[in-house]
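Given next are the chains, with one letter for each unit.
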Amino acid sequence: MEYLDFELPIKELEEQFDKCVLIGKESDVDMTESCNNIEKKLLKTKNEIYKNLTSWQRVQLSRHPSRPYTLDHITALSGNTFMELHGDRTFKDDKAMIGGLGKIGDQSFMFIGQQKGYNTKTRQYRNFGMSNPEGYRKALRLMKMAEKFSLPVVTFLDTPGAYPGLEAEERGQGEAIARNIFEMTRLKTPIITVVIGEGASGGALGIGVGDRVYMMENTWYSVISPESCSSILWRSWEHKEKAADALKLTAEDMKKQKLIDGIIKEPLGGAHFDREIAFKEVQKTILKAYGELKKLSAEELVKKRMEKYANMGVFKG
């Protein structure tokens, strides 16, 4: 397990606990009481740390290298029923954007999401979760396919942003994202969106227009990352913590502003501490949302979706 800076007190206590258990096993000394005391202290420390996380600490947790990614969620939700579909039929297959058909129980879904790598080789292969225009065009192709066969769409957001390279701009990065937003607002099938990690800028919004949008507890969703915001305002990354607070990018902030529909609880310490619980919570949320949305006709679905986004940012004096 990898630990973040603010988790070091937990690491120390866990090491103490492991040593205590080892001494008990290897000697005749009864270490039960000492181990129990350390365990109680560990639980108390965890609660104190994770119940009082700052915005920046949540950003750090959303990027934790052990955190489950899109494919982990899809595999947990649909098992061996998932069939990945490739290519945008124009340029190539973008490995940073994955999608395909899969089942939760007896219900088929079209799953789409950004995929990051878990080591240096796979991070390069997945372009660090930053999609090119062909990734967004692939996503739109799959959404249109889902609409044709009346299948609900589930999108998972986890990206530091769309790829900002010259070649991406040459192939129409801005147009691809704008086209997706436009087409998703009027897609005649339910769209359920879950932010499972980083939700940065148009890169996330390109597959993020949903009838129901949820954020996992330790994720963020914003027009810009705290580091980039800090570098623009203060010409340095040193003020990223201050920027994270100012951006109001946490799940709680987003819910308060009525920009998302709900928060998915995570196990104590984050989704990576107990993946099974995290996957079950995501599955429960998706099925509940679909249960509500499937009762609406295609026309009602589109009307409500458009109204939802038209009302965002409206304040009454």
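Residues numbered from 1 in each chain as written. Predicted model: local features only at pLDDT ≥ 70, side-chain atom pairs only at ≥ 80, totals over all residues. Heavy atoms only, no water.

Novice: Requested: an account of the packing of aromatic side chains, with residues and values cited.
Specialist: This structure, assessed with the given rule, holds four aromatic pairs. Three or more aromatic residues joined by ring pairs form one cluster here, namely Phe109, Phe111, Phe156 and Tyr290. (Phe/Tyr/Trp six-rings, centres within 6.5 Å; stacked < 30°, edge-to-face > 60°.)

Novice: Give a description of the packing of helix 6 (residues 133-148) against helix 8 (residues 173-185) that names residues and reports values.
Specialist: Following both chains from N to C, one finds helix 6 and helix 8 inclined at 20°, their axes separated by 8 Å at the closest point. What the angle tells us is that helix 6 and helix 8 run roughly parallel. The two elements helix 6 and helix 8 meet at a crossing, and its hand is left-handed. Two secondary-structure elements touch here, helix 6 through Pro133, Tyr136, Arg137, Ala139, Leu140, Met143 and Lys144 and helix 8 through Gln173, Glu175, Ala176, Ile177, Arg179, Asn180, Glu183 and Met184. (Axes fitted to C-alpha atoms, helices over the stretch in contact; angles between N-to-C directions. Helix = DSSP H or I, 4+ residues; strand = E, 2+ residues; numbered from the N terminus. Parallel < 35°, antiparallel > 145°, perpendicular 65-115°, else oblique. Left-handed = near helix turned anticlockwise from the far one by under 90°. Contact = heavy atoms within 4.5 Å.)

Novice: If you had to explain helix 6 to someone new, which residues and values would you point to?
Specialist: Taking 1.5 Å per residue as the helical rise, helix 6 with its 16 residues ought to reach 22 Å, and the 23 Å between its terminal C-alpha atoms agrees with that figure. What helix 6 keeps buried is the set Pro133, Glu134, Gly135, Tyr136, Lys138, Ala139, Leu140, Arg141, Leu142, Met143 and Ala146. Of the surrounding elements, those touching the buried residues of helix 6 are strand 2 (97-104), strand 3 (107-114), strand 4 (153-159), helix 7 (166-170), helix 8 and helix 9 (201-205). Among the residues trailing helix 6, Ser150 stands out with phi positive, at a value near 55°. (Expected span 1.5 Å × (residues − 1). Buried < 20%, exposed > 50% of the residue type's maximum accessible area, 1.4 Å probe, protein only.)

Novice: Explain the state of the cysteines residue by residue, including any values.
Specialist: Here the structure, examined in full by the defined rule, presents one disulfide. Between the sulfur atoms of Cys20 and its disulfide partner Cys35 the distance amounts to 2.4 Å. Judged by the sign of its S-S torsion, about -115°, the bond between Cys20 and Cys35 is left-handed. Taken together, the residues span a long stretch of sequence, with Cys20 in helix 1 (residues 8-26) and Cys35 in helix 2 (residues 32-50) at a distance of 15 residues. When sorted by exposure, Cys20 lands in the same class as Cys35, which is buried. (Disulfide = S-S within 2.5 Å.)

Novice: Could you give an account of the pairing of strand 5 (residues 191-200), naming the residues involved and the relevant values?
Specialist: By the criterion of burial, strand 5 is predominantly enclosed, with 10 of the 10 residues buried. Pairing of strand 4 with strand 5 involves six bridges; the strand directions are parallel. Its bridge partner lying in strand 5, Val154 is registered against Ile192. Two elements, strand 5 and strand 6 (residues 212-216), share four bridges in a ladder whose sense is parallel. Bridge pairing in strand 6 places Val194 opposite Tyr214. By the bridge criterion, three bridges tie strand 5 to strand 7 (residues 220-222) in an arrangement that is parallel. Within strand 7, the position partnered with Gly199 by the bridge is Tyr221. (Pairing = 2+ DSSP bridges.)

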